[in-house]
Amino acid sequence: MSLSLNLQASGIKLRPIEHDELDAAHKLELSCYTPEAAASREAFTFRQANFPQYFWSAWNSDEQLVGLACAIRTYASSCEEDEVKGAHRAEPGGEHLCVLSVAVSPSARLSGIGKALMEALLRQAELDKLASVILMCEEHLIPFYEGLTFRYIGPSKSAHGGIAWHEMSRIIE
């Protein structure tokens, strides 16, 4: 709760993203990931259309997008396979949530936005009574996700975007 209050005090508002905001979301994604690793605009359209409750955004007091986090439901209990990262298939009955993008504007990093966006995804996964939340991250982000009680699984077999990914998971209780 204090994190939400801190964000509100700094003028940051979290909410699900709207379809007409996807260009801004894609621009932010491209500023945070290499072109090879970034999600495509079409992928964002698919995610927002099929899993809108799992596509969160953070807006500053100037109404500029400063953060996003999105995920899809899947039947797979691991998101290390490259086809999950690039998947354009809806599995709305899937019992696992695979986080596909977390992006925070370089000027807004280390302010709690990434944590708040992930907490929004985790709350929705709990409300939907999912079994787990899974993700792949770069090595330097492992402590961040461990702070959100994700468990480190190990290096991923994925080579998505030419990056050495690490798989993590969190059981929903």
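Residues numbered from 1 in each chain as written. Predicted model: local features only at pLDDT ≥ 70, side-chain atom pairs only at ≥ 80, totals over all residues. Heavy atoms only, no water.

Chemist: Looking at this model, I keep getting lost on helix α2 (residues 22-32). Mind explaining?
Modeler: Since the α-helix turns once every 3.6 residues, residues separated by three or four places project in the same direction. Restricting attention to buried positions, one finds in α2 the residues L22, A25, H26, L28 and E29. Angular distribution of buried residues about the axis of α2 spans 160°; they occupy a single face of the element. Turned more than 90 degrees off the buried face of α2, the exposed positions are D23 and K27. Buried residues belonging to α2 abut α3 (41-50), β2 (55-59), β3 (65-74) and β4 (96-104). (Buried < 20%, exposed > 50% of the residue type's maximum accessible area, 1.4 Å probe, protein only. Helix = DSSP H or I, 4+ residues; strand = E, 2+ residues; numbered from the N terminus. Arc of directions from axis to C-beta. Contact = heavy atoms within 4.5 Å.)

Chemist: What exactly am I supposed to notice about the packing of α2 against α3 here?
Modeler: For any two helices packed against each other, the geometry comes down to the angle between their axes and how far apart the axes lie. Where α2 meets α3, the axes come as close as 10 Å, and the angle between the chain directions of the two elements is 125°. It follows that α2 is oblique to α3 by the angle criterion. Two packed elements cross with a definite hand, and for α2 against α3 that hand is right-handed. Each of L22, D23, A25, H26 and E29 in α2 lies in contact with α3, whose residues at this interface are R41, F44, T45 and Q48. Split into classes, the residues belonging to the contact of α2 with α3 amount to three nonpolar, three polar and three charged. (Axes fitted to C-alpha atoms, helices over the stretch in contact; angles between N-to-C directions. Parallel < 35°, antiparallel > 145°, perpendicular 65-115°, else oblique. Left-handed = near helix turned anticlockwise from the far one by under 90°. Nonpolar A, V, L, I, M, F, W, Y, C, P; charged D, E, K, R; others polar.)

Chemist: What is the right way to look at the sheet that holds strand β7 (residues 165-171) in this model?
Modeler: In a beta sheet, neighbouring strands pair by backbone hydrogen bonds and run either parallel or antiparallel. Across the sheet, seven strands lie side by side as β1-β2-β3-β4-β5-β7-β6; this open sheet has mixed pairing. Two strands bound the open sheet, and with one partner strand each, they are β1 (13-16) and β6 (151-155). Averaged over all neighbouring strand pairs, the angle between strand axes comes to 25°, with direction disregarded. Of the strand pairs in this sheet, β6 and β7 are connected by four bridges, and their pairing is antiparallel. Bridged to Y152 within β7 is M168. Across the sheet, α3 lies against β2, β3 and β4, angled at about 70° from β3, the strand it touches most. Contacting β1, β2, β3, β4, β5 (132-138) and β7, helix α5 (residues 113-127) crosses the sheet at an angle of about 30° to β3. (Pairing = 2+ DSSP bridges.)

Chemist: What should I look at first to understand the nonpolar core in this one?
Modeler: A general tendency of soluble globular proteins is for nonpolar side chains to be buried together. Among the nonpolar cores identified, the biggest contains 55 residues, and M118, L121, Y145 and F150 are the most heavily contacted of them. Beyond its immediate chain neighbours, meaning those up to four positions away, Y145 contacts V102, M118, L135, C137, F150 and M168. (Core = buried A, V, L, I, M, F, W, Y, C linked by side-chain atoms within 4.5 Å.)

Chemist: I would appreciate a short explanation of the pattern of salt bridges in the present structure.
Modeler: As a working rule, side chains carrying opposite charge can pair if their charged atoms are close by. Applying the stated criterion across every chain yields a total of three salt bridges. Salt-bridge contacts for R41 lead to D23; the nearest nitrogen and oxygen are separated by 2.6 Å. Residue R41 is found in helix α3, and its partner D23 is found in helix α2; the two are separated by 18 residues along the sequence. Given a relative accessible area of 54%, D23 falls into the exposed group. (Salt bridge = Lys/Arg side-chain N within 4 Å of Asp/Glu carboxyl O.)

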